[in-house]
Amino acid sequence: MTTQAFLQVIASGLLMGLIYALIAVGLSLIFGLMDVVNFAHGEFLMLAMYATFGLVFMTALDPVVLAPLVVALMFVLGVAVYAGIIRYAMRAKANPGMVQIFATFGLALLIQGLAQYFFTPDYRNIANTWLGGRTLNLGGVFLPWPQIFGGAVSLAVFGGLFWLITRTDFGKALEATREDQGAVALVGIDRNRVFALGWGLGAALVGVAGAVLAIFYYIHPQVGGTFALIAYVTVALGGFGSIFGALVAGVIVGLVEALTTLILPASLKSVGVYSLYLLVLFVRPSGLFGRL
Amino acid sequence: MTQSAAASSMTSFVSSRRRQLVVAVVVFALIALVPRLVSDVYLMNVLILTLLFAALSQSWNLLGGYCGQVSLGHALYFGIGAYATSLLYVKFGITPWGGLLAGGIIAAAIALALGYPSFRLKGHYFSIATIVIAEIGLLLFHNWDYAGAALGIQWPFTPDSWWTLQFARDKAPYFYFALGLFAVTWLVTFAIVESKWGYWWRAVKDNAEAAESLGVTIFHSKMAAAAISAFFTAVGGGFYAAFVSYIDPDSVMHFRFSLLMALPAVLGGVGSLWGPAIGALILIPLAELTRSYLGGAGSGLDLVIYGGLIMIVSLTRPEGILSIIKPPAASRGAAT
């Protein structure tokens, strides 16, 4: 194979990897904050994609312009899910781990069912967008603009997130709460409020990913499942709770997936990622950047 | 729990065990009468699936409920059982009975091989690894031409016979097989939970760190739980293949099967003797009925009800539905 074709694979994998990282980071953030895995994360992504689709349909504006609105809606959803479900799941005295898993699984099925009911199982896509269908030619390596935009947004979001966590009061409260939930109450931090904001932020982050993905990917009620497992793998590979880990793992996952297609048939593209993930986990049971 | 068990005399322990056994035999006998009362084929199918998933969930419960290792990848063992049974029968003419046994042994061996590295993983890392492992299995079967790849395997049409486990006209034999499997898994659970393995498993679940100080026995007991659990899951998968007579990767190894095995135990009460059966009795008919009556053309309403129910029960009854009829103090599942 030519160098050019190889570079094409690397570049595509890298851009997709940045989007995987963007999808996964909200999941990792919530886990890091309160040790809860949201098994409805894929469905959050799906909702954000439908929200983008719906808003484009209603306003005829470009999805890029509408993205902030989608993100705001997802923030509200995240807070609502925390207040309505997670708060109660965390109170369970018996089998707390399983209650969290199945409460969020139940939510995932519920959201999927609602999406099927209201939007039908049809595949939809957003045609005629500002970025859609255009590609950048970098000396024979062709990169679609929606993916470039997605990669850039992902990097910007990660930058913003690092700033938020290290430089703002909210970030400090977030860090303090994940360090010691009991002690923060003593210094006057409302744990419940931080958790709710954390869920809002986590959902908003996957909202960004959904808005970006909606520009170039088909939207249907099962789309969450396609990306959810990759997101869990990314988070576990990077180490649950590690923001930096999610970024690195996302890029690794994108690259490995792209490289796998060079060797294996396309239907097996995920096998490379999954195998690498298991390999890493068996060597480092808490992921690349996970705290034990 | 241990204190009260130790405090009570040995005779009362034995008599309570005997009472549990008598109750179980009566329950099994009553269930065995059901085919005499029910002739509707659809209803029989629902009941067969209910018993099958009671058995599968009971198997899952050994590892997930008693040992606390929340596997979300049991579809792998289910699929292995279904494929082993189907391949041996369709390609080599070996009776499904042999296939069930072979599938069970292969699945147990794979569970041991996978358990070796994965039991080092804790909590969510373990659960997600089990999903990923099952997903790899699904992808491999999708691409395995000998096993029919994505097209799957169709069982030939043969006259009704216990030898080939094919019954087209009367569903009762399937019912009795599923009941038998459920009874066996129940008895295995019953026998193990008060043995030293059972105590070790609950120790692992309660406090793995403290249990770890006991050394290698904990790891071995997890391995034993995984192997037994996988064996019966695969037998259930082999039976399912005989029952539906056609399998493909998605119809036996999809993630939803992993959920369908874990959910009844969780809803009914994890780490309890009757939790999985109670959960299956509620969940499987509900899933089948909502799918038949509300799921037409993928409307999604079945998922809304199903998902909503799972959410509500897990939030309001974290100890499982069984805790409603059993005071928590007497419930072993809640105490452990």
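Keep in mind that this is a model prediction, so the values were computed, not measured. (Residues numbered from 1 in each chain as written. Chains lettered and ligands numbered in written order. Predicted model: local features only at pLDDT ≥ 70, side-chain atom pairs only at ≥ 80, totals over all residues. Heavy atoms only, no water.)

With respect to the overall build of chain A
Phase 1 of the analysis: Scanning chain A from terminus to terminus reveals 11 helices and 2 strands.
Phase 2 of the analysis: The secondary structure elements of chain A, listed N-terminal to C-terminal, are α-α-α-α-β-β-α-α-α-α-α-α-α.
Phase 3 of the analysis: Taken over C-alpha atoms, the radius of gyration comes to 19 Å for chain A, in line with the 19 Å a tight globule of 292 residues would show.
Phase 4 of the analysis: With 292 residues in all, chain A has 57% of them scored as buried.
Phase 5 of the analysis: The long-range fraction of contacts in chain A, counting pairs at least 24 apart against all pairs at least 6 apart in sequence, stands at 77%.
Phase 6 of the analysis: Between the averaged position of the 13 positive side-chain charges in chain A and that of its 10 negative side-chain charges there is a distance of 2 Å. (Helix = DSSP H or I, 4+ residues; strand = E, 2+ residues; numbered from the N terminus. Rg over C-alpha atoms; globule rule 2.2 N^0.38 Å. Buried < 20%, exposed > 50% of the residue type's maximum accessible area, 1.4 Å probe, protein only. Contact = heavy atoms within 4.5 Å. Lys, Arg positive; Asp, Glu negative; His and termini not counted. Charge placed at Lys NZ, Arg CZ, Asp CG, Glu CD.)

Focus on the overall build of chain B
Phase 1 of the analysis: Each helix and strand counted, chain B has 16 helices and 2 strands in total.
Phase 2 of the analysis: In terms of overall dimensions, chain B is globule-like: its C-alpha atoms have a radius of gyration of 20 Å, near the 20 Å expected for 336 residues.
Phase 3 of the analysis: Projected onto the principal axes, the alpha-carbon positions of chain B cover approximately 60 × 45 × 40 Å.
Phase 4 of the analysis: Sequence separation of 24 or more characterises 77% of the internal contacts of chain B that already satisfy a separation of 6 or more.

A closer look at the interface of chain A and chain B
Phase 1 of the analysis: With 48 residues of chain A at the contact, the number on the chain B side is 44 residues.
Phase 2 of the analysis: Across the interface of chain A and chain B, roughly 3900 Å² is buried in total on both sides, 80% from carbon and sulfur atoms.
Phase 3 of the analysis: Considering only the surface of chain A that becomes buried against chain B, A:Met98, A:Phe102 and A:Phe282 emerge as the three largest contributors, covering 18% of it.
Phase 4 of the analysis: The tally of links between chain A and chain B comes to 0 salt bridges.
Phase 5 of the analysis: Taken together, chain A and chain B are joined by 6 residue pairs in polar contact (both at pLDDT 80 or more).
Phase 6 of the analysis: Elements with a contribution of two residues or more to the side of chain A that touches chain B: α3 (63-89), α4 (96-119), α9 (223-238) and α11 (269-283) of chain A.
Phase 7 of the analysis: Partitioned by chemical class, the residues of the side of chain A that touches chain B number 35 nonpolar, 12 polar and 1 charged. (Buried area = accessible area lost by both parts, 1.4 Å probe. Salt bridge = Lys/Arg side-chain N within 4 Å of Asp/Glu carboxyl O. Polar contact = N/O pair within 3.5 Å; in protein donor to acceptor, adjacent residues only side chain to side chain. Nonpolar A, V, L, I, M, F, W, Y, C, P; charged D, E, K, R; others polar.)

Comments concerning the pairing of strand β1 (residues 135-138) of chain A
Residue and element names in this part refer to chain A.
Phase 1 of the analysis: Here β1 pairs with strand β2 (residues 141-144) via 4 bridges, running antiparallel. Directly across from Asn137, in β2, lies its bridge partner Phe142.
Phase 2 of the analysis: Here β1 folds back onto β2 in antiparallel fashion, the turn holding 2 residues, of which Gly139 has a positive phi close to 55°. (Pairing = 2+ DSSP bridges.)

What about the environment of B:Ile153?
Residue and element names in this part refer to chain B.
Phase 1 of the analysis: Position of Ile153 relative to the elements: it lies in strand β1 (residues 153-154).
Phase 2 of the analysis: Considered as a pair, Ile153 and Ile312 are 159 residues apart in the sequence and their alpha carbons are 38 Å apart.
Phase 3 of the analysis: The contact partners of Ile153, leaving out residues within four places of it in the chain, are Tyr83, Ser86, Leu87, Val90, Ala147, Ser245, Tyr246 and Ile247.

Describing the packing of helix α1 (residues 3-34) of chain A against helix α10 (residues 243-263) of chain A
Residues and elements named next belong to chain A.
Phase 1 of the analysis: Two elements in contact, α1 and α10, have axes whose closest approach is 6 Å; the angle formed by their N-to-C orientations is 145°. At the point where α1 passes α10, the crossing takes the right-handed sense. For the pair α1 and α10, contact is made by Phe6, Val9, Ile10, Gly13, Leu14, Gly17, Leu18, Tyr20, Ala21, Val25, Ser28 and Leu29 and by Ile243, Ala246, Leu247, Gly250, Val251, Val253, Gly254, Leu255, Glu257, Ala258, Leu259 and Leu262, respectively. (Axes fitted to C-alpha atoms, helices over the stretch in contact; angles between N-to-C directions. Left-handed = near helix turned anticlockwise from the far one by under 90°.)

Some points on the packing of α3(A) against α4(A)
Residue and element names in this part refer to chain A.
Phase 1 of the analysis: At a minimum axis separation of 9 Å, α3 and α4 run at an interaxial angle of 150°. Taken together, the axis directions place α3 and α4 in an arrangement best described as roughly antiparallel. For the pair α3 and α4, the crossing hand works out as right-handed. In this structure, α3 contributes Val81, Ile85, Ile86 and Ala89 to the contact, and α4 contributes Val99, Gln100, Ala103, Thr104 and Leu107. (Parallel < 35°, antiparallel > 145°, perpendicular 65-115°, else oblique.)

Overview of helix α7 (residues 172-193) of chain B
Phase 1 of the analysis: Taking 1.5 Å per residue as the helical rise, α7(B) with its 22 residues ought to reach 32 Å, and the 31 Å between its terminal C-alpha atoms agrees with that figure.
Phase 2 of the analysis: Burial of α7(B) is extensive: 16 of the 22 residues sit out of reach of the surface. (Expected span 1.5 Å × (residues − 1).)

Some remarks on the environment of A:Arg191
Residues and elements named next belong to chain A.
Phase 1 of the analysis: Relative to the assigned elements, Arg191 resides in helix α8 (residues 191-216).
Phase 2 of the analysis: Placed 14 residues apart in sequence, Arg191 and Thr177 show a C-alpha to C-alpha distance of 6.9 Å.
Phase 3 of the analysis: Aside from chain neighbours lying at most four places away, what touches Arg191 is Thr177 and Gln181.

Comments concerning the packing of aromatic side chains
Centre distance and the angle of the planes are the two values used to describe a pair of aromatic rings.
Phase 1 of the analysis: Counted under the stated rule, the structure contains 41 aromatic pairs over all chains.
Phase 2 of the analysis: When the ring of A:Phe53 is compared with that of A:Phe57, the centres are 6.5 Å apart and the planes differ by 15°; the resulting orientation is stacked. Separated by 4 residues within a single helix, A:Phe53 and A:Phe57 lie in helix α2 (residues 41-59), roughly one turn from each other.
Phase 3 of the analysis: A:Phe57 sits in the exposed class, given a relative accessible area of 68%.
Phase 4 of the analysis: Ring centres 5.0 Å apart and planes at 75° place the aromatic pair B:Tyr174 and B:Phe243 in the edge-to-face group. Taken together, the positions of B:Tyr174 in helix α7 and B:Phe243 in helix α10 (residues 216-244) put the pair 69 residues apart, joining distant regions of the chain. (Phe/Tyr/Trp six-rings, centres within 6.5 Å; stacked < 30°, edge-to-face > 60°.)

Things to note about α11(A)
Phase 1 of the analysis: Among all positions in α11(A), only A:Ser270, A:Val271, A:Gly272, A:Val273, A:Tyr274, A:Tyr277, A:Leu278, A:Val280 and A:Leu281 are buried.
Phase 2 of the analysis: Its buried side turned inward, α11(A) meets α9 and α10 of chain A together with α6 (123-142) of chain B.

Remarks on the confidence of the model for chain A
Phase 1 of the analysis: Of all residues in chain A, 99% attain a pLDDT of 70 or more, and the chain-wide mean is 90.
Phase 2 of the analysis: Mean pLDDT across the elements of chain A bottoms out in helix α7 (residues 181-186) of chain A (76) and peaks in α2(A) (95). (pLDDT = per-residue confidence, 0-100.)

With respect to a nonpolar patch on the surface
Residue and element names in this part refer to chain A.
Phase 1 of the analysis: On the surface, a cluster of nonpolar side chains totalling about 430 Å² of accessible area is made up of Phe6, Leu259, Leu262, Ile263 and Leu264.
Phase 2 of the analysis: A total of 3 residues in the nonpolar patch trace back to one element, the largest contributor, which is α10.
Phase 3 of the analysis: Secondary-structure assignment places Ile263 in helix α10.
Phase 4 of the analysis: Look at Ile263 and you get exposed, because its relative accessible area is 73%. (Patch = residues over 30% accessible without salt bridge, like charges linked within 9 Å, V, L, I, M, F, W, Y side chains within 5 Å. Areas by Shrake-Rupley, 256 points an atom, 1.4 Å probe, with all protein chains shown as cover.)

Some remarks on the side chain of B:Glu135
Phase 1 of the analysis: The topology assignment puts B:Glu135 in helix α6.
Phase 2 of the analysis: In this structure, B:Glu135 is buried with no salt-bridge partner, the nearest side chain bearing the opposite charge being B:Arg256 at 10 Å.
Phase 3 of the analysis: When near neighbours in sequence (up to four residues on either side) are disregarded, B:Glu135 contacts A:Leu229 and A:Tyr274.

Section: the nonpolar core
Residues and elements named next belong to chain A.
Phase 1 of the analysis: With 208 residues, the main nonpolar core has Ile23, Phe44, Phe102 and Tyr277 as its most contacted residues.
Phase 2 of the analysis: Discounting residues that sit within four places of it in the chain, Phe44 has contacts with Asn38, Met74, Leu77, Val81, Leu107, Ile111, Trp199, Ala203 and Val206.
Phase 3 of the analysis: If you look at the next biggest cluster of nonpolar residues, it comprises 5 residues, including Leu15, Val141, Leu143 and Ile148. (Core = buried A, V, L, I, M, F, W, Y, C linked by side-chain atoms within 4.5 Å.)

Focus on the confidence of the model for chain B
Residues and elements named next belong to chain B.
Phase 1 of the analysis: Mean pLDDT over chain B works out to 85, with 91% of the residues at or above the 70 mark.
Phase 2 of the analysis: Helix α16 (residues 332-335) is the least confidently modelled element of chain B, averaging 41 in pLDDT, while helix α4 (residues 75-92) averages 95, the highest of any element.
Phase 3 of the analysis: Predicted complex, confidence summary: ipTM 0.88, pTM 0.88.

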